[in-house]
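A look at the structure
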Amino acid sequence: MTTLFAVLMAGGSGTRFWPASRASRPKQLLPLAGGEALLAQTSSRLGDLIPPERQLVMTNREYVDGVRALLPGIPPAQVVGEPEGRDTAACIGLASELARRVDPQATVVAMPSDHVIRPEEILRDHLKAAESMLAERPESILVFGIEPDRPATGYGYLRAGDLQSSPEGIPVHRLDAFVEKPEEASAKEMLEKGGHSWNAGIFAFRPAALRAAFDIHLPAMGPLFDVISGAFSSDGFEEVLEATFPKLEKISIDYGVMEKVTEALLMPLPVQWDDLGAWDALGRLIEADEVGNVQHGQAVALDSKNNLLSATEGVVAVSGVHDLIVVHTPDATLVCPRNDAERVKELVQALKDKGLDAYL
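Residues numbered from 1 in each chain as written. Predicted model: local features only at pLDDT ≥ 70, side-chain atom pairs only at ≥ 80, totals over all residues. Heavy atoms only, no water.

Comments concerning the overall build of the chain
Quick reminder of the rule: In this description a helix means any DSSP run of H or I spanning at least four residues, a strand means any run of E spanning at least two, and both kinds are numbered starting from the N terminus. Put simply, the radius of gyration uses C-alpha atoms, and a globule should come to 2.2 Å times the residue count raised to 0.38. The buried label goes to any residue with under 20% of its type's maximum accessible area, the exposed label to any with over 50%, and the partly exposed label to all in between, with areas taken from a 1.4 Å probe on protein chains only. Whether two residues are in contact is decided by their heavy atoms: any pair within 4.5 Å suffices. The charged-residue count follows a simple rule in which Lys and Arg add positive charge and Asp and Glu add negative charge, with His and chain termini not counted at all. In plain terms, the charge of a residue is placed at NZ if it is Lys, CZ if Arg, CG if Asp and CD if Glu.
Across its full length, the chain carries eleven helices and 17 strands. Scaling as 2.2 N^0.38, a compact globule of 360 residues should have a C-alpha radius of gyration of about 21 Å, and the chain matches this with 21 Å. Taken along the three principal axes of its C-alpha coordinates, the chain extends 60 × 50 × 35 Å. Going through the 360 residues of the chain one by one, you find that 51% of them count as buried. Across the chain, contacts joining residues at least 24 apart in sequence account for 67% of those joining residues at least 6 apart. For the chain, the distance from the average site of its 33 positive side-chain charges to the average site of its 52 negative ones is 2 Å.

Looking at the nonpolar core
A general tendency of soluble globular proteins is for nonpolar side chains to be buried together. Where we set the bar: We define the nonpolar core as a collection of buried residues of types Ala, Val, Leu, Ile, Met, Phe, Trp, Tyr and Cys that are connected through side-chain atoms lying within 4.5 Å of one another.
Counting residues in each nonpolar core, the largest one holds 45 residues, and the members touching the most others are Met58, Phe214, Ile253 and Met258. No other element matches helix H3 (residues 87-102), which puts eight residues into this core. If near-sequence neighbours (up to four positions away) are discounted, methionine 58 is found in contact with Val7, Leu8, Met9, Ala10, Gly11, Val80, Glu82, Cys91, Leu94, Ala95 and Leu98. In this structure, Leu46, Ile50, Val79 and Met133 belong to the second largest nonpolar core, which totals 44 residues.

Here's the deal with the layout of surface pockets
In plain terms, the rule: In this analysis the probe radius is 1.4 Å and the grid spacing 1 Å, with only protein atoms considered; a cavity is a set of points the probe fits into but cannot get out of, a pocket is an open set with protein on both sides within 12 Å along at least five of seven lines, and lining residues have an atom within 4 Å of a point. Grid points are joined across faces, edges and corners, and a volume is the space filled by probe spheres set on the points. Residue type decides the class: Asp, Glu, Lys and Arg count as charged, Ala, Val, Leu, Ile, Met, Phe, Trp, Tyr, Cys and Pro as nonpolar, and the leftover types, Gly among them, as polar.
Here the second largest pocket is characterised by a volume of approximately 150 Å³. A class-by-class count of the residues in the lining of the second largest pocket yields four nonpolar, two polar and two charged.

Quick notes on the packing of H3 against helix H6 (residues 207-217)
Stated formally: Between N-to-C directions, angles cover 0 to 180 degrees, with each direction set by a line fitted to C-alpha atoms, over the stretch in contact for helices. Should an angle fall under 35 degrees it is taken as roughly parallel, and over 145 as roughly antiparallel, whereas 65 to 115 is taken as roughly perpendicular and any remaining angle as oblique. Working rule for handedness: look at the near helix, and if it is turned counterclockwise from the far one by less than a right angle, call the crossing left-handed; if clockwise, right-handed.
Running from N to C, H3 and H6 point in directions that differ by 140°, and their axes come no closer than 9 Å. The orientation of H3 with respect to H6, classified from their angle, is oblique. Crossing of H3 against H6: the hand is left-handed. Contacts between H3 and H6 involve Ala89, Ile92, Gly93, Ser96, Glu97 and Arg100 on the former and, on the latter, Pro207, Ala208, Leu210, Arg211 and Phe214. Broken down by class, the residue content of the contact of H3 with H6 amounts to six nonpolar, two polar and three charged.

In short, geometric facts, not functional conclusions.
Here it is as structure tokens:
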């Protein structure tokens, strides 16, 4: 009998959430969705199904101490600090081998650490169903898709094929295709037609199946995974990780593996979901007031509408402005049009170019 094991991917810098998100304290360590930090919410929503001792966090080495302090229930050795970002293929492929070292019978679920998923019990029910499905089809890799509620152009899509099984009453389809981020007309067409899900970036698999896929499609990675995982929990692990991890190819697991495998499955996940990509996402999570202002922290708005106002400390006060994002922190303030949230990443680069790293 297998057991579920979770890999929480927590290495991103979250630059689109500047100035709240900083190099030393990225968005996954912030309480952007209320209550606990996003990473803590990701860990706790797994409940008793996957307790902390069966969780592994892949993060940036600069965040290791912060992650361990945030999640004291996870064994310290199971918080792994990548020496540099090598994208999701390296992250998930290595984590799978490390999970197998902790639990040789594991069925692994890999998920981002900065998403909002509600209700949590629906997620857990679907994770149990995924475990059952992979007991039937251990050679397969299962991808979770989010049922779209709008024609979003910022997400990749997954096209469902024939129904394969219904473990615990939950349908699982063959995954027919990954669809690149679409133009608006194509997104509307997929929403109306049905049979398409947003790619949530959540995967379930047996480590042996994932490794077999890597050996076919990214064969140079496997031996490097073996070198690193062979040193796991030893005194020399950090040194081996430092020397070997940067040699891994920098490529996403979608492009490098999942778009090429023949044994891919799709399980639609009917939950409220958001990947919190940029500040405008808070408008989908926090109820606006009667004139459309969204407040995160202390804020006052006079003759103003459709603004997103956030204060990590102190207060934001605006008068006579519309459709803005205003974010205040003790040492930096962001003001931009609400429909320009994605460009905050460019602002961060501009600050870097000006040598203002102290504010990053």
